[in-house]
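Structural overview
Residues per chain, in single letters:
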Amino acid sequence: MAIEVLMPALSPTMTEGKLARWLVKEGDDIKSGKVLCEIETDKATMEVEAVDEGTLLKILVPEGSEGVAVNRPIAALGSKDEKYEPKTAQLKSEGVGEQKSIIAAAPVTPQPLSSSAPQPFVMREGRIAASPVAKRIAQERGVNLYAVIGTGPNGRIVKEDVLSAISQTSAPTISAPQSGATQATKLPSPAQALPAAQSGPNAKQLADLLGQKYTEVKNSPVRKIIAKRLTESKQTVPHFYLTVDCELDALLAARKALNEKENAKVSVNDAIIKAVALALREVPAANAAWTEEAILKYTDVDISVAVATPDGLVTPIVKQADSKSLLDISKEMRDLAARARDNKLKPTEFQGGGFTVSNLGMFGIKDFAAIINPPQGCILAVGAGEKRAVVKDDKLAIATIISVTLSVDHRVVDGAVGAEFIAAFKKLIEESESWLK
Amino acid sequence: MTQQNFDLIIIGSGPGGYVAAIRAAQLGKNVALVESTHLGGICLNWGCIPTKALLKSSELYYTLQKLDEYGLEAKNTAFDLNKIVKRSRDIAGQLSAGVKHLLKKNKVTVFDGFGVLAGNQIVKVSKDNQPVAELKAPHIIVATGARPRVLPGIEPDGKLIWTSKEAMIPEQMPKSLLVIGSGAIGIEFASFYRSLGAEVTVVEIADRIMQAEDEEISAMARKAFEKQGMKIITGAKISKLEKGKDNVTAQIEANGKTETQTFDRVISAVGITGNTENIGLENTRVQTDRGHIAINPWCETREPGVYAIGDVAGPPWLAHKASHEGIICVEKMFGIPGVHPLDTKKIPGCTYAHPQVASIGLTEAKAKSEGRAVKVGKFPFIGNGKAIALGESEGMIKTIFDATTGELLGAHMIGTEVTELIQGYAVAKTGELVEKDLMHTVFPHPTLSEMLHESVLAAYGKAIHF
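It should be emphasised that the depicted structure is a prediction, and the values quoted were computed from it without experimental measurement.

Thresholds, definitions, all that
- Residues numbered from 1 in each chain as written.
- Chains lettered and ligands numbered in written order.
- Predicted model: local features only at pLDDT ≥ 70, side-chain atom pairs only at ≥ 80, totals over all residues.
- Helix = DSSP H or I, 4+ residues; strand = E, 2+ residues; numbered from the N terminus.
- Buried ≥ 20, exposed ≤ 12 C-beta atoms within 10 Å, placed from the backbone.
- Pairing = 2+ DSSP bridges.
- Axes fitted to C-alpha atoms, helices over the stretch in contact; angles between N-to-C directions.
- Right-handed = clockwise from strand over helix to strand, strands pointing away.
- Core = buried A, V, L, I, M, F, W, Y, C linked by C-beta atoms within 7 Å.
- Contact = placed C-beta atoms within 7 Å.
- Parallel < 35°, antiparallel > 145°, perpendicular 65-115°, else oblique.
- Left-handed = near helix turned anticlockwise from the far one by under 90°.
- Nonpolar A, V, L, I, M, F, W, Y, C, P; charged D, E, K, R; others polar.
- pLDDT = per-residue confidence, 0-100.
- Expected span 1.5 Å × (residues − 1).

Let us now look at the overall build of chain B. Secondary structure assignment for chain B yields 13 helices and 26 strands. Expressed as a percentage of the 466 residues in chain B, the buried residues total 50%.

Looking only at helices and strands, chain A features nine helices and 20 strands. Taken across its 437 residues, chain A has 42% of its residues classed as buried.

Residues and elements named next belong to chain B. Spatial ordering of the open sheet is given by E4-E3-E2-E8-E21, a layout of five strands whose pairing is parallel. Both outer strands of the open sheet, strand E4 (109–112) and strand E21 (306–308), are each paired with one neighbouring strand and no more. The average undirected angle you get between the axes of adjacent strands in this sheet is 20°.

Here we take up the pairing of strand E3 (residues 31–35) of chain B. Residues and elements named next belong to chain B. Among the five residues that make up E3, five are buried, leaving the element largely enclosed by the rest of the structure. Neither face of E3 is open: one carries Val31, Leu33 and Glu35, the other Ala32 and Val34, and all of them are buried. As for the winding sense of the linkage, the β-α-β connection from strand E2 (residues 8–11) through helix H1 (residues 17–26) to E3 is right-handed. By the bridge criterion, four bridges tie E3 to E4 in an arrangement that is parallel. Residue Val34 lies in a different strand from E4, and its bridge partner there is Phe111.

Residue and element names in this part refer to chain B. One open sheet holds the four strands; their spatial order is E1-E7-E6-E5, and the pairing between them is mixed. Taken across any chain shown, the strands that pair with only one partner, and hence form the sheet edges, are strand E1 (3–5) and strand E5 (114–119). Strand-to-strand twist across the sheet, computed as the mean angle between neighbouring axes with direction ignored, equals 30°. One ladder, built from three bridges, connects E1 with strand E7 (residues 130–136); its direction is parallel. Counterpart to Gln4 in the pairing with E7 is Leu135.

Before going further, it helps to examine the nonpolar core. Note on soluble globular proteins: their nonpolar side chains tend to be buried together. In terms of nonpolar packing, the biggest core is built from 181 residues, with Ile9(B), Ile10(B), Ala20(B), Ala21(B) and Val142(B) touching the most fellow members. The residues touching Ala21(B), leaving out its near neighbours within four places in the chain, are Ile10(B), Val31(B), Leu33(B), Leu103(B) and Val108(B).

A word on the packing of helix H6 (residues 268–282) of chain A against helix H7 (residues 326–341) of chain A. All names here are of chain A. The interhelical angle for the contact between H6 and H7, taken along N-to-C directions, is 120°, at an axis separation of 9 Å. With respect to each other, H6 and H7 are oriented oblique. Two packed elements cross with a definite hand, and for H6 against H7 that hand is right-handed. For the pair formed by H6 and H7, the contact residues are Asp270, Ala271, Ile273 and Lys274 on the first element and Leu326, Ile329, Ser330 and Met333 on the second. Of the residues belonging to the contact of H6 with H7, the class tally is five nonpolar, one polar and two charged.

Close inspection of predicted coordinates is inappropriate for parts of the model with low pLDDT. Model confidence for chain B is summarised by a mean pLDDT of 96, while 100% of its residues fall at 70 or above. At the level of chain-chain contacts, confidence expressed as ipTM amounts to 0.79, with global pTM at 0.61.

Okay, the pairing of strand E2 (residues 16–22) of chain A next. Residues and elements named next belong to chain A. Pairing geometry for E2 and strand E7 (residues 65–69), over three bridges, is antiparallel. Its bridge partner lying in E7, Gly17 is registered against Val68. Where E2 meets strand E4 (residues 35–40), four bridges bridge the pair, whose relative direction is antiparallel. Considered in E4, the bridge of Leu19 is made with Ile39.

For helix H4 (residues 221–236) of chain A, which comprises 16 residues, the first-to-last C-alpha distance of 22 Å matches the rise-based estimate of 22 Å (1.5 Å per residue) to within 8%. In the core, the buried residues of H4(A) are packed alongside strand E15 (312–314) of chain A.

Next up on the list: the confidence of the model for chain A. Residue and element names in this part refer to chain A. In this model, chain A carries a mean pLDDT of 79, and residues with pLDDT of at least 70 account for 81%. Across chain A, the secondary-structure element scoring lowest on mean pLDDT is strand E9 (residues 103–105), at 35, and the one scoring highest is strand E18 (residues 378–382), at 96. Across residues 88–123 the pLDDT falls below 50, and counting only partners more than four positions away or on other chains, this stretch makes 94 contacts in the model. With pLDDT under 50 throughout, residues 171–199 is counted as low confidence; its partners more than four residues away or in other chains account for 63 contacts.

Residues that lie three or four places apart on an α-helix share one face, since the helix turns once every 3.6 residues. Taking 1.5 Å of rise per residue, the 14 residues of helix H5 (residues 249–262) of chain A would be expected to cover 20 Å, and the 20 Å separating its terminal C-alpha atoms lies within 8% of that figure. Directly after H5(A), the chain includes Asn263(A), whose backbone phi takes a positive value near 50°.

Before going further, it helps to examine the environment of Ile295(A). Along the chain, the position of Ile295(A) falls in strand E12 (residues 295–297). In this view, Ile295(A) contacts Ala288(A), Trp290(A) and Val412(A); residues no more than four positions away in its chain are not counted.

Further remarks concern unusual backbone geometry. The omega angle of the peptide bond from Pro374(A) to Pro375(A) is 10°, so this bond is cis rather than trans. Following the sequence through the fold, Pro375(A) ends up in the loop between strand E17 (355–359) and E18. Between Pro315(B) and Pro316(B) the backbone carries a cis peptide bond, its omega angle lying at -5°. Secondary-structure assignment places Pro316(B) in the loop between E21 and helix H8 (319–333). Phi is positive for Asn120(B), which is not a glycine, with a value near 55°. The class for Asn120(B) is exposed, based on 9 C-beta atoms found within 10 Å. The backbone of Glu432(B) shows a phi angle near 55°, a positive value even though the residue is not glycine. Along the polypeptide, Glu432(B) turns up in the loop between helix H11 (418–430) and helix H12 (435–440). Residue Glu432(B) is classed as buried on the basis of its C-beta count, with 25 C-beta atoms lying within 10 Å.

A word on the packing of helix H3 (residues 48–64) of chain B against helix H6 (residues 184–195) of chain B. Residues and elements named next belong to chain B. Orientation of H3 relative to H6, taken along the N-to-C sense of each, is 35°, at an axis distance of 8 Å. Of the two elements, H3 crosses H6, and the hand of that crossing is left-handed. Judged by residue contacts, Thr51, Leu54, Leu55, Ser58, Glu59, Tyr61 and Tyr62 of H3 engage Glu188, Phe192 and Ser195 from H6. Residue composition of the contact of H3 with H6, grouped by class: five nonpolar, three polar and two charged.

Turning next to the environment of Leu39(B). Residues and elements named next belong to chain B. If you trace the backbone, Leu39 turns up in the loop between E3 and helix H2 (41–46). Overall, Leu39 belongs to the buried group, with 23 C-beta atoms counted inside 10 Å. Separated by 21 residues in the primary sequence, Leu39 and Tyr18 place their C-alpha atoms 8.1 Å from one another. In contact with Leu39, not counting residues within four places along its chain, are Ser13, Tyr18, Ser96, Val99 and Lys100.

The subject of this paragraph is the environment of Val318(A). With respect to the helices and strands, the residue Val318(A) is situated in strand E16 (residues 317–318). The spatial distance from the C-alpha of Val318(A) to the C-alpha of Glu349(A) is 8.4 Å, given a sequence separation of 31 residues.

Written as structure tokens, this is what we have:
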């Protein structure tokens, strides 16, 4: 029996997209996890991976097709000699959840991937709880329930959640009722239209109540993901913090020499990325992530680097940074940062990573503590290099000092290991002649 | 007088206030409850409960009249109105004592007196115009309830023209009774008095009785009441009430004609209005809207720290709505996660006449007016074995589904014990079940509840027994 591959929804509000490119052809033997094609929306390009195995019987939608509706069959898999006969009914009647067994957009790979801030949307894994009405509406409207945040009992997705996911970007097309909690004598304020589920003080309701003035900036999907991921991290990851000051003068001098010699533009941040990578090679225990079953120690040293974009924080990855030259890291970082700001990164360029560096030195911040970028175990917050009075050989002296603070997930990395890492980092920064060349 | 500090002060101990008090106490809060009259409020003392007690008596009496149908015989059946009323009052007293016990058990401090908002988080309590206490708390819930609305020209005097309260404690049986208004309260009294033999005339200004109900149910109810000998005049207005010595003459305008008729007693049941007066709202920024305190979905008023729940905060005027608001309000103010505002489309409403009427959600007309494609299921009591065995084969259960999503939009029922049945659909609505879930639910046989199942099946053309 042939299995239809359906057009996936890359975001809760996506109704159609462009099938950009097929990466397989009819007759190919498809293994689970094989990338079948690339889908483009205005927000992102995503790879569609096969979940089922078999022979690609037929490509139903040619590449380059625009406006392909979500859940429309785009290809068929089956056994080798099978002939594909199109099904008349395109939609399964048993609810959206089942479609996961047929298709999966790239982020739903079983590996522990970084579902950190920059993803265009977060897909949950495993079973999702949704009310029957929520499932029906999702199916009718082509909403991907894996990307909807549930506010019902125990996080169950209820009707209101699906309706608000739809209305967030496509308000004009929706005439569905809003929160049911309106009554004749309720305050006639716009606060009623808020998602009913928020608990805790709601800034808008309070402002309306008190007559405070404000303008509203709609949350982009990226903004919402950042909010959700960081809240989750700060609330569920047991953070602790280690701060150390590093003398930077020698590194600055070596960098200057290198830039002059190579006619390059290596930044302090590039050097810090390299130093972090080398320190992680010395203390691999800090290049790790928590799961309930095991601590994952990453084999590669992949450094996520926080980049501010107009939409929010993105963390492109310098992969295997420990084995790259400083000049290569510098070039790569410039390219990644530029494309991050233009929203042109591929998901593979910002998903993953084992350790994050966040630098606010360029804004003159002396020292700060960053929120861990889950599922990674550590993030290093880097402040500004500045001249400070220091005590050297019992005398007051001037040195360029940079303060760094390591935020650590205590489940993964204990205090001593964290201290070991940060000591290794400090040593690399202060004795850079061995590697900064 | 020393000021006493609390975490929460609640003014009014009806089903909104006392439930909110107990919930806050469960959360470890120090709660003050101020009550001027009787614990339990109108519901327990002069509303839901005593009327249900009265209606049980009248229902039994009504059944006695048709004992023959059941193969039974009783001679000299009669009722003693004083005993009926006494039973009703005793039950109210019993429940009020129960509330007192619950509050004590939960360590809620009860103040016997009239609470007034004094501003700055202060409530002043007085009894017989003497100050009793001064209370202070960062949170104050106004749960002062409501009272019968008074229309000009139909001012109740407590003797000839009754409100619900006097109608609950009649000293003697009126031979003829005019009921003005056909909402739940008017209809319940009309049914009570009719069952005990009074000549009852119901006058309704709208074009049908029980306007909140589905049109079809409302028509069936009218037919059932008229069959029992009730006189119902819709699209009618009382243009004049003239009180005599022991009767009232009413001018009833309907269909362009004016009819004059004399009744022993009149019950005015033309709605209710919130108890917003003399409670110090003027000392706060609390605002009112059409006789009720204006609140947002979290029961917050315009004055930070002051909340309103239940009847005083507007319709639907139902005890269970008040209780639910009380819990939402308290949990929200004390930061319990996962609190949701009340969805009024999920509140069942019940009328305990003979026959009973119960409903939840949208009527068929309302659902259609929202532009939805709907599927409507109807199942009559005559198709249900248990109903026939009970000798109660009149009635219907009607369900309305969204044809696209299978969401249960509304359910409407009339017949014996439907007030106990409606809850099945309330659970379905809260759990956002679709038609398939209900179809796959196993209902026990033989029960009236099987009709809940059949009505759903009927909406999709699959009813078995009809």
